[in-house]
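Structural overview
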Amino acid sequence: MDQVSTEPHIIIIEDDAVALAVLEDGLAGTGVIVPFKSAESALSYIQHKGRVDVVVSDLVMPGMNGVEFVKALMSLKDDVGLIPIIVYTAHTDVNMERVVLNAGAVDIVSKKGRMDQLRRKISSMAQFRSIAFSSARNANMYDPLTRLLSHSSFFEVLSADGALDNWSKEHDSNALFLFDIKNFRSINSVYGVSRGDKILTMAADVMVKNFSPKEAVISRLYSDRFLVLVPANSVAQTAKRAASFIDELQKVCVDFLNLHDQSMPNIQVRCRYIFTR
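This text gives an overview of the structure that appears in the document. Note that the structure is a prediction, hence the values are computed from the model and not measured.

Criteria and cut-off values
Residues numbered from 1 in each chain as written. Predicted model: local features only at pLDDT ≥ 70, side-chain atom pairs only at ≥ 80, totals over all residues. Heavy atoms only, no water. Pairing = 2+ DSSP bridges. Helix = DSSP H or I, 4+ residues; strand = E, 2+ residues; numbered from the N terminus. Axes fitted to C-alpha atoms, helices over the stretch in contact; angles between N-to-C directions. Buried < 20%, exposed > 50% of the residue type's maximum accessible area, 1.4 Å probe, protein only. Polar contact = N/O pair within 3.5 Å; in protein donor to acceptor, adjacent residues only side chain to side chain. Contact = heavy atoms within 4.5 Å.

So, the sheet that holds strand β4 (residues 85–89)
- An order of β2-β1-β3-β4-β5 is seen for the 5 strands of this open sheet, with the pairing classed as parallel. The open sheet has two edge strands with one neighbour each: β2 (32–36) and β5 (107–110). Within this sheet the neighbouring strands show an average axis-to-axis angle of 20°, counted without direction.
- Two elements, strand β3 (residues 54–57) and β4, share 3 bridges in a ladder whose sense is parallel. Bridging from a neighbouring strand, V56 pairs with I86 of β4.

Section: the side chain of S173
- Residue placement: S173 occurs in the loop between α7 (163–170) and β6 (174–182).
- Classification of S173 by relative accessible area gives buried; the value is 8%.
- Side-chain polar atoms of S173 contact the backbone oxygen of A232, separated by 2.3 Å.
- When residues no more than four places from it in sequence are discounted, the contact partners of S173 are P231, A232, N233, F275, T276 and R277.

Concerning the pairing of strand β7 (residues 217–222)
- Of all 6 residues in β7, 5 are buried, a share of seventy percent or more.
- Pairing analysis gives 5 bridges linking β7 to strand β8 (residues 225–231), with the strands arranged antiparallel. By the bridge assignment for β8, S219 is matched with L227.
- Hairpin connection from β7 to β8: 2 residues lie between these consecutive antiparallel strands, with S223 at a positive phi of about 45°.

Below you can see the structure in the form of structure tokens.
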């Protein structure tokens, strides 16, 4: 019997043959790369071939373009419609970013940037996708906006096949963090829901960066509240990690809002945590 690959399955879509080859080469080592020259053929593959962890799609293509592809994929039933999609394009102005994110993509990455940025994003998204794929093919596993575990799945993942018992055996002490963004409602009121949603997806990215999915279980509870369970050595280390995350996320929020407007609500990232042995 053939052994099932545990590597992430990554679809890349690019209509230009040279650009497709460059992208495929640049992503070597991130997982099983499946290249396509059209969105239509990639969509057909996803519908009929099973596992896909992340999709990287060009934006401007003949036939079905990147935005149309995102909408088509998001409309599919079950967890297929929750596959993280990164749009990889040279067209990354603010208006295009809004169109792409509103369509349902997780992120938009410039072709003019460094390849390692795209590799990091793929890696973090694939790790979360793998948790859901191996635990249960369940549309409720993911929060559809941030692609983190949903509030119910946080507990399901830990309880699946004795996972919580194994976690306790492997880690003598742990920290449970609850993060939220004070005055988040005012962000939606002042800037609109699309920008509020963008801040939540950026918060998820910062969370993945600070708490590796290899060691942590990360969930969006609801609205602007996030829950993280992670091994910890001491109360001091727990406090330091909380402070580091708060500083980085607060800076990300402020920089993002400053980029679009000169005035902004008073944003404060807050954290409560419990340290247990």
